[in-house]
Amino acid sequence: MAKTIMIQGTMSNAGKSLLAAGLCRVLKQDGYRVAPFKSQNMALNSFITKDGGEMGRAQVVQAEAAGIEPDVRMNPILLKPTTDVGSQVIVNGRVQGNMPAMEYYRRKRDFIPAVMEAYESLAREYDVIVIEGAGSPAEINLQENDIVNMGLARMVDAPVLLVGDIDRGGVFAQLYGTVALQSEEDRRRIKGVVVNKFRGDRAILEPGLKTLEELCGVPVAGVVPYLHVDIDDEDSLSERFGRDKEPRLIDIAVIRLPRISNFTDFSPFERYENVSLRYVERARDLRAPDMIVIPGTKSTIADLQWLRQSGLEASIQKAASGGTLVFGVCGGYQMLGRHISDPEQVEAAGVTEIDGMGLLPLETVFQGEKVQTQTNGVFSGVAGLLSELNGKRYAGYEIHMGRSQQQMPALTGTDVAKAYPEPSEGIEDMSDSTDLRRLMADYQQTTADLNALKARKEELQDCILPYIGDHEGVRCGNMQATYKHSTRKGYTRVVQPWEGRTFRFSEIKPKKTK
């Protein structure tokens, strides 16, 4: 049987997932066969394996670090919140149904056989299992039926490293308090503590580390510096949501839905220095992006209601009518249609019928059986702004409960992909009735999207820039603008445009994208 090591944290987002991934890579480099494991994961960012199972993305990243194929055994229980008090429960990659939090809490120990079967199966195949906990073992109200932190450590007899986040402050209280709240048996399992996300001079930290060791009775196993890494985030605690970005040459606005899922689909856009990717949750922050993305969601109907109440729906419709590219993915794609039905209450939103945004000729009906599969093909028949995608291969996956019927040729998951020719003004449908995901994860596809947006903007710039000066009221097509120079050389900002729309032009001569 394999040896084990378990990473637990003082809180969510302390850095457990990244440290576990790092251990997987180091052990692989040392010649061990290593696999990650997390018995229970609560996250809306998920992945579909080759055999069609659904699992959390953190263990996918860790599997990649270990140089192995992601396997649902690495994450036997996945909870995907559907409401504030309930989740869809996925066991060994397959949906078991929706459960209120209290019901799952009562039944949690019923899932121990599935957890142990998955763990023991991996332990027979690998030399080392790197286990990640969830949240914090200091949540004493959950200790009795725990199957993911100390409860799991006892079941598999795993030593524990406890990780604290110094970047948020109070790391000494975090670590000491967590140790102090454990039973004597569980305290003995903690073999060391780790101070994570440190910035500054370690010499200044040393006195505190010595006192911490005395209080906890275990060594400080390491001080890990703050790292800026570009890997998939696990959940909505992602720091990328809080980044307030100024629009660049190409400005992309992703609507931050309350139950946003798989937002990691859009992270490839962040790798381009002339592209701003902003997450927007207020209508006034939408501004005038080059592309609006409505992402996936675990509760399409509830998030469509929020979109409507927040005023963002009206803002998106107005932008679409003005020619802005609107891109819907999965639940966001379903919102763009005419109507959504949930006769079986699959989403448990308390609503069985709701009108969509009416931007696509599309009807969606939710059904109990979940579709989850990988797919690939070649784009063809794509007209309009994204025609550069024609001939390029795509690889993605499907995760959805809804079935969408559309009055247009579908983008299929076969060897040849098709998009309908000329959709509604300003709308591009790059998804199909099967809600294909991860279209943007490929460099060629992302670059094609950005080149199309850049070409559109350059056409507008070519029309406006010859008139730069001290004049107002220059008319270009259907746009009339007052403009001014910024203080930085090579930049121009156009403000107060026709009908209140605002365009911001970053570098006229853009740098070469990475």
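So, here's what we can say about the structure. (Residues numbered from 1 in each chain as written. Predicted model: local features only at pLDDT ≥ 70, side-chain atom pairs only at ≥ 80, totals over all residues. Heavy atoms only, no water.)

Glancing now at the overall build of the chain. When helices and strands are tallied, the chain shows 12 helices and 28 strands. Counting the 514 residues in the chain, one finds 55% classified as buried. Taking the contacts inside the chain whose residues are at least 6 apart along the sequence as the reference set, 71% of them involve residues at least 24 apart. By element, 49% of the accessible surface of the chain is carried by carbon and sulfur atoms, the whole surface being about 22300 Å². (Helix = DSSP H or I, 4+ residues; strand = E, 2+ residues; numbered from the N terminus. Buried < 20%, exposed > 50% of the residue type's maximum accessible area, 1.4 Å probe, protein only. Contact = heavy atoms within 4.5 Å. Areas by Shrake-Rupley, 256 points an atom, 1.4 Å probe, with all protein chains shown as cover.)

Another aspect to go through is unusual backbone geometry. Notably, asparagine 92 is not glycine yet its phi reads approximately 50°, a positive angle. Examined against the element boundaries, asparagine 92 turns out to sit in the loop between β7 (86-91) and β8 (94-100). Judged by its relative accessible area of 31%, asparagine 92 falls in the partly exposed class. In the Ramachandran plot, aspartate 157 falls in the positive-phi region, its phi being about 55° despite a non-glycine side chain. Of note, aspartate 157 is situated in the loop between α5 (150-156) and β10 (160-165).

Counted under the stated rule, the structure contains 20 salt bridges. Lysine 38 is paired through a salt bridge with glutamate 132; the nearest N and O atoms lie 3.3 Å apart. Here lysine 38, found in the loop between β2 (34-37) and β3 (40-42), pairs with glutamate 132, found in strand β9 (residues 128-132); they are 94 residues apart in sequence, far enough to count as distant. Of the two residues examined, lysine 38 and glutamate 132, each falls in the buried class. Through salt bridges with shared partners, a single ionic network connects Asp71, Arg73 and Glu125. (Salt bridge = Lys/Arg side-chain N within 4 Å of Asp/Glu carboxyl O.)

Before going further, it helps to spend a moment on the packing of aromatic side chains. For the structure shown, the criterion picks out three aromatic pairs. Aromatic side chains tyrosine 104 and phenylalanine 111 sit 5.7 Å apart centroid to centroid with 25° between the ring planes, which places their arrangement in the stacked category. Summarising the burial analysis for this pair, tyrosine 104 and phenylalanine 111 share the class buried. When the ring of phenylalanine 263 is compared with that of tyrosine 279, the centres are 6.4 Å apart and the planes differ by 85°; the resulting orientation is edge-to-face. With phenylalanine 263 in the loop between β14 (260-261) and β15 (275-280) and tyrosine 279 in strand β15, the pair connects residues that are 16 residues apart, well separated along the chain. The lysine or arginine in question, arginine 199, covers the ring of tyrosine 226, its NZ or CZ lying 3.7 Å from the ring centre. (Phe/Tyr/Trp six-rings, centres within 6.5 Å; stacked < 30°, edge-to-face > 60°. Lys NZ or Arg CZ within 6 Å of the ring centre and 35° of its normal.)

This paragraph deals with empty space enclosed by the protein. Scanning the model with the defined rule gives six cavities of 30 Å³ or more in all. Taken together, 22 residues form the lining of the largest cavity, with Thr297, Lys298, Ile399, His400 and Met401 sitting closest to its centre. Here the element with the most residues in the lining of the largest cavity is strand β22 (residues 393-406); it accounts for four residues. Class assignment of the residues belonging to the lining of the largest cavity gives a composition of five nonpolar, 12 polar and five charged. (1 Å grid on protein atoms, 1.4 Å probe; cavity = no way out; pocket = protein on both sides within 12 Å on 5 of 7 lines; lining within 4 Å. Points joined across faces, edges and corners; volume = space filled by probe spheres on them. Nonpolar A, V, L, I, M, F, W, Y, C, P; charged D, E, K, R; others polar.)

Ordered in space as β2-β9-β1-β10-β11-β12, the six strands form an open sheet in which the pairing is parallel. Looking at strand neighbours, the two that pair on one side only are β2 and β12 (220-225), the edges of this open sheet. Neighbour to neighbour, the strand axes of the sheet diverge by 20° on average, direction disregarded. Pairing geometry for strand β1 (residues 3-9) and β10, over four bridges, is parallel. Each bridged residue has a counterpart across the sheet, and for glycine 9 the counterpart in β10 is valine 163. Along the sheet, helix α4 (residues 112-125) contacts β1, β2 and β9; its crossing angle with β2, the most-contacted strand, is approximately 170°. (Pairing = 2+ DSSP bridges. Axes fitted to C-alpha atoms, helices over the stretch in contact; angles between N-to-C directions.)

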